[in-house]
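Report on the structure
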Amino acid sequence: MAEAADFQGASASPARRWLRRTGALLAGAPLLAGIFQLPAAAPADAAGQESLQAASSAGSVSVAIDSLSPSTPSEGDTVTVSGTVTNNGKQTVTGAHVDLRVGPPLQTRSAIDTLAKKSDDLQGASGEKVGGKYTEKFSALTPGVAEPFSISVPADKLDLGRDGVYQLAVALSGETSAQPWDQLLGIQRTFLPWQPEEPGTRTKTTFLWPLVSSAHMAAETGSNEQQTPVFRDDELAEEIAPGGRLDQMVSLGKGLDVTWVVDPDLLASVDAMTDSYQVRGADGTTSPGRNQEVAKNWLAELQQAVTGEEVAALPFGDPDLASLAHNGTNVAGSLSHLKEATDVAEETVDTILHVKPSTDFVWPVDGAIDPSIVKVATSAGADKVITRSDSLQDNLSYTPSAARPIGGGTTAVVADSRMSTAFQGDLTKASASTLAVQRFLAQSLTLGLQTGKQRSVVVAPQRMPSVSQAQAMAEALGALQGGNWSESQDLTAAAKAKPDPAANTRVPSASAYPSSLRKQELPRAAFEQIARTQDKLDKFKVILTRQSRVVTPFGRAMNREMSTSWRGRGVAAVGYRDGMESYLNGLIDGVKLIQKSETKLSGRSATIPVTVQNNLVQGVEHLELRLTSKNPTRLKIGGDAYEVQRVTVDGGHAQSVKFTTSANANGRAEVVAQLYTEDGQKYGAPVTFDVKVTEITPTVMLVIGGGVLLLVLAGFRMYTQRKRAAAHEAAEDDTAEADDVIDGPQNPEASGARLQGESEAGSRADAPEQPSDPAPDTAAESADPSGTGERVDR
């Protein structure tokens with residue numbers, strides 16, 4: 001694929017340089033002719049030339065360009081190149097000197113890539129020496145010793161011509177005792193962008209500045225009213241502390257014209273650190289966190305940095321869209337977590353940073369997409385996908401604008417892969433950082449010179465740049481924004497730019513997705529575990545009186561379980577998921593039935609208590625307790641095989657629920673107690689215990705019945721005796737009245753004797769019955785059951 005740039009005509013300076021070089025060649029022609037007429041070199045000389053070539057290929061001296069200032073010079077500037085040279089050989093280098101060499105302008109972006117890969121190759125073209133006084137000499141280079149150098153040269157002495165990117169090389173030459181002639185021993189090439197005059201059009205550049213971290217907060221919270229958060233480690237405090245990675249991202253990004261791309265989980269985590277929090281140690285114990293002031297200062301600095309700048313919010317936790325698309329869509333509920341993560345993003349950012357973010361963008365890992373990733377990415381409401389040009393490739397001789405429609409109302413915002421990957425790798429050495437900065441600027445200028453049309457380019461670097469990478473990014477972006485061929489543009493404007501009709505709009509197939517990225521994805525088992533945890537949470541939350549204390553922290557933790565930060569950290573990801581599920585199981589087990597030992601019933605009916613323990617801080621409700629008899633013919637619960645009662649238990653308390661039972665026969669009956677939610681789902685483990693039924697024996701019944709019968713007969717006898725006495729007394733009264741009428745006063749002695757006898761008989765009838773009196777016969781005793789309400793201890 002050709003990438004030829006449509007450059008304008010050369011200026012007068014290259015023409016003069018061409019004439020000068022031609023004159024030098026003509027002047028040297030006789031000398032060359034004389035050389036060609038010389039006899040062949042001696043074998044020793046040939047061996048020396050081979051040794052020279054071998055030495056040159058080895059590069060016995062390493063050259064490092066630690067700084068190049070200014071990065072994008074203009075006319076009148078002085079270019080200063082500083083660095084070190086180190087003799088890696090075993091022999092001292094004498095007569096050493098460092099020279100600057102300028103090569104011809106690089107015509108294409110691919111040429112820049114090629115030169116960057118062979119920046120220290122002695123066999124490649126090195127360009128012409130600047131020469132003169134712009135050389136630094138060393139009397140000797142001792143093996144293993146690094147010597148600094150610094151060369152400053154006016155820009156007009158570099159003989160730069162038309163606008164473009166020039167190869168600038170620092171070369172060290174010298175000789176050794178084994179090869180006593182001046183030779184090239186080391187070289188380092190870099191890029192010098194040159195556009196001193198204002199261009200006709202400027203490239204609109206959008207640079208994404210990511211604030212993303214890994215998952216630090218656990219689902220666990222304290223039992224107090226504030227729900228003190230628990231952190232898995234204290235690494236986040238190190239990142240936001242002065243000099244830390246995230247501290248540098250904010251400090252460096254402040255003042256740059258960038259689009260801040262923020263993971264709301266990071267903001268929520270730091271915000272949680274501003275108050276009391278706990279940190280879990282390696283031994284599993286927790287201790288109070290002590291970085292509240294660090295968190296407050298970082299948030300305050302970030303709030304100031306984003307004022308007036310565009311902020312794009314990723315879904316909460318930065319979910320791995322590719323993993324979800326490839327391994328999670330067939331697991332029920334997985335997409336709902338993405339929707340929740342998107343919904344909570346705007347509120348989180350607005351609450352903490354006090355800016356309204358854009359939630360229209362999603363950012364798959366490394367900008368790699370396929371149809372399934374696009375479908376998942378837009379399922380939660382976003383309609384703009386940040387991809388990369390090495391995924392959505394173009395077969396054009398120039399770089400088109402970033403925005404392009406890919407169907408279904410979705411816009412692909414295609415970041416430039418060369419510029420986006422310029423700051424990857426180890427940039428801790430100044431030489432590596434300088435090369436990355438100059439390469440980035442070279443790619444930007446060459447892109448702008450390709451056509452005379454204005455285009456929009458987006459740069460999407462790695463999600464979590466290191467400190468050295470962030471410093472290189474800031475240096476390059478500062479130079480770019482201080483140059484004259486580019487102007488800043490926010491992400492929303494880049495997405496709305498007019499698409500290039502020749503640009504590719506076809507999303508690559510699933511087979512084109514990089515295998516290296518696919519190997520790092522979350523497996524299907526991860527989404528199945530998340531679904532299992534969600535199912536447990538759904539069943540648990542229905543019994544809670546304050547659901548938000550559990551639902552919110554667990555919901556956000558499940559968002560973190562899907563984070564892109566787990567790529568390449570499979571063991572840590574499994575540990576996070578297992579720890580979260582284990583903690584939820586512990587909460588669920590906090591509401592349970594107390595185990596019961598064998599229970600004895602010493603009558604036909606009694607009450608059986610079953611205790612429900614609530615070890616949670618909050619109360620539980622909407623629970624039902626079912627007590628079931630496995631042998632209802634022997635033991636009934638509430639008049640049937642089972643009975644159900646509603647249960648409500650305050651936090652930290654236990655409640656005994658009493659069930660009425662009735663026994664029909666002696667023996668053991670197995671009883672099962674089980675908690676249920678109101679929708680009929682079992683909750684927790686059942687409790688099974690035996691009830692031993694002991695009915696009243698026939699002998700005891702006979703004794704009790706006989707005693708009752710005797711009491712009844714005694715009462716009946718007393719009643720009949722009194723009735724007879726009353727009747728007899730009434731009859732005697734009637735007889736006495738008749739005698740009085742018949743006898744009258746004629747027979748007073750007989751009358752007196754009769755009265756005396758009746759009086760004595762009446763006295764005997766009214767006398768109390770003696771213990772020796774014979775007991776009367778009684779009827780059989782009733783066998784009705786005893787009364788209910790007997791309490792039975794476990």
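1. Focus on the overall build of the chain
- Helices and strands together make up the secondary structure of the chain, namely 21 helices and 30 strands.
- The 794 residues of the chain split such that 46% are buried.
- Here the contacts in the chain between residues at least 6 apart in sequence split such that 78% fall between residues at least 24 apart.
- Carbon and sulfur atoms provide 52% of the accessible area of the chain, an area that totals close to 37700 Å².

2. Side note on the sheet that holds strand β30 (residues 682-693)
- Taken in spatial order, the five strands make up an open sheet running β23-β30-β29-β25-β27, and their pairing is mixed. Both edges of this open sheet fall to β23 (599-601) and β27 (642-649), since each of them pairs with a single strand only. Neighbouring strand axes in the sheet, compared pairwise and without regard to direction, differ in orientation by 30 degrees on average.
- Of the pairings in the sheet, the one linking β23 to β30 comprises three bridges and is parallel in character. Paired with Leu601 across the bridge in β30 is Val693.

3. A word on the pattern of salt bridges
- What the rule picks out here adds up to 26 salt bridges.
- Across the pair Asp318 and Arg463 runs a salt bridge, and its minimum N-O distance is 2.7 Å. Of this pair, Asp318 sits in the loop between β15 (311-313) and α9 (321-328) while Arg463 sits in the loop between β20 (456-459) and α14 (467-482), and the two are 145 residues apart along the sequence. Grouping residues by exposure puts Asp318 and Arg463 together as buried.
- Note that Glu670 is salt-bridged to Lys630, the shortest N-O span being 3.8 Å. Taken together, the residues Glu670 in strand β29 (residues 667-677) and Lys630 in the loop between β25 (620-629) and β26 (635-637) connect sequence positions 40 residues apart.
- We classify Glu670 as partly exposed; its relative accessible area is 34%.
- Ionic contacts of the salt-bridge type, sharing partners, join the residues Asp113, Arg418 and Arg439 into one network.

4. Considerations on the nonpolar core
- With 74 residues, the main nonpolar core has Phe540, Leu625 and Leu635 as its most contacted residues.
- Ranked by residue count, the leading element in this core is helix α19 (residues 570-588), at six residues.
- When near neighbours in sequence (up to four residues on either side) are disregarded, Leu625 contacts Leu593, Val610, Val612, Glu643, Val644, Gln645, Val647, Val657, Phe659, Ala673, Gln674 and Leu675.
- Core analysis: the next-biggest nonpolar cluster, separate from the first, contains 65 residues, Phe231, Trp260, Val437 and Val459 among them.

5. A short note on the sheet that holds strand β28 (residues 654-663)
- Sheet architecture is open: four strands sit in the order β22-β24-β28-β26, paired in antiparallel fashion. Of all strands in the sheet, those with a lone pairing partner are β22 (591-593) and β26, marking the two edges. Averaged over all neighbouring strand pairs, the angle between strand axes comes to 30 degrees, with direction disregarded.
- Here β22 pairs with strand β24 (residues 605-614) via three bridges, running antiparallel.

6. Focus: the packing of helix α13 (residues 430-449) against α14
- As a packed pair, α13 and α14 sit with axes 9 Å apart at the nearest point and diverge in direction by 35 degrees. Crossing hand, α13 versus α14: right-handed. Together, Ser433, Val437, Phe440, Leu441 and Ser444 of α13 and Ala472, Glu475, Ala476, Ala479 and Leu480 of α14 make up the contact between the two elements.
- Along the lines of polarity and charge, the residues of the contact of α13 with α14 split into seven nonpolar, two polar and one charged.

7. Some points on the packing of helix α7 (residues 264-273) against helix α8 (residues 292-305)
- Contact geometry of α7 with α8 gives a least axis separation of 7 Å together with a crossing angle of 135 degrees. By the criterion of interaxial angle, the relationship of α7 to α8 is oblique. Crossing of α7 over α8 shows left-handed handedness. Here Leu266, Leu267, Val270, Asp271 and Met273 of α7 come into contact with α8, specifically with Gln292, Ala295, Trp298, Leu299 and Leu302.
- Counted by class, the contact of α7 with α8 contains eight nonpolar, one polar and one charged residues.

8. Concerning α7
- For α7, the buried fraction is high: eight of the ten residues fall into the buried class.
- When α7 is considered as a whole, its buried residues turn out to be Pro264, Asp265, Leu266, Leu267, Ser269, Val270, Ala272 and Met273.

9. A closer look at the environment of Pro199
- For Pro199, the location among the structural elements is in the loop between β8 (183-194) and β9 (203-211).
- Pro199 sits in the buried class, given a relative accessible area of 17%.
- Taking C-alpha positions, Pro199 is 7.2 Å from Asn484, a pair spaced 285 residues apart along the chain.
- For Pro199, the residues in contact, after removing those within four places along its chain, are Asn484 and Trp485.

The rules behind these values
- Residues numbered from 1 in each chain as written.
- Predicted model: local features only at pLDDT ≥ 70, side-chain atom pairs only at ≥ 80, totals over all residues.
- Heavy atoms only, no water.
- Helix = DSSP H or I, 4+ residues; strand = E, 2+ residues; numbered from the N terminus.
- Buried < 20%, exposed > 50% of the residue type's maximum accessible area, 1.4 Å probe, protein only.
- Contact = heavy atoms within 4.5 Å.
- Areas by Shrake-Rupley, 256 points an atom, 1.4 Å probe, with all protein chains shown as cover.
- Pairing = 2+ DSSP bridges.
- Axes fitted to C-alpha atoms, helices over the stretch in contact; angles between N-to-C directions.
- Salt bridge = Lys/Arg side-chain N within 4 Å of Asp/Glu carboxyl O.
- Core = buried A, V, L, I, M, F, W, Y, C linked by side-chain atoms within 4.5 Å.
- Left-handed = near helix turned anticlockwise from the far one by under 90°.
- Nonpolar A, V, L, I, M, F, W, Y, C, P; charged D, E, K, R; others polar.
- Parallel < 35°, antiparallel > 145°, perpendicular 65-115°, else oblique.

Coordinates in, geometry out; function isn't part of it.
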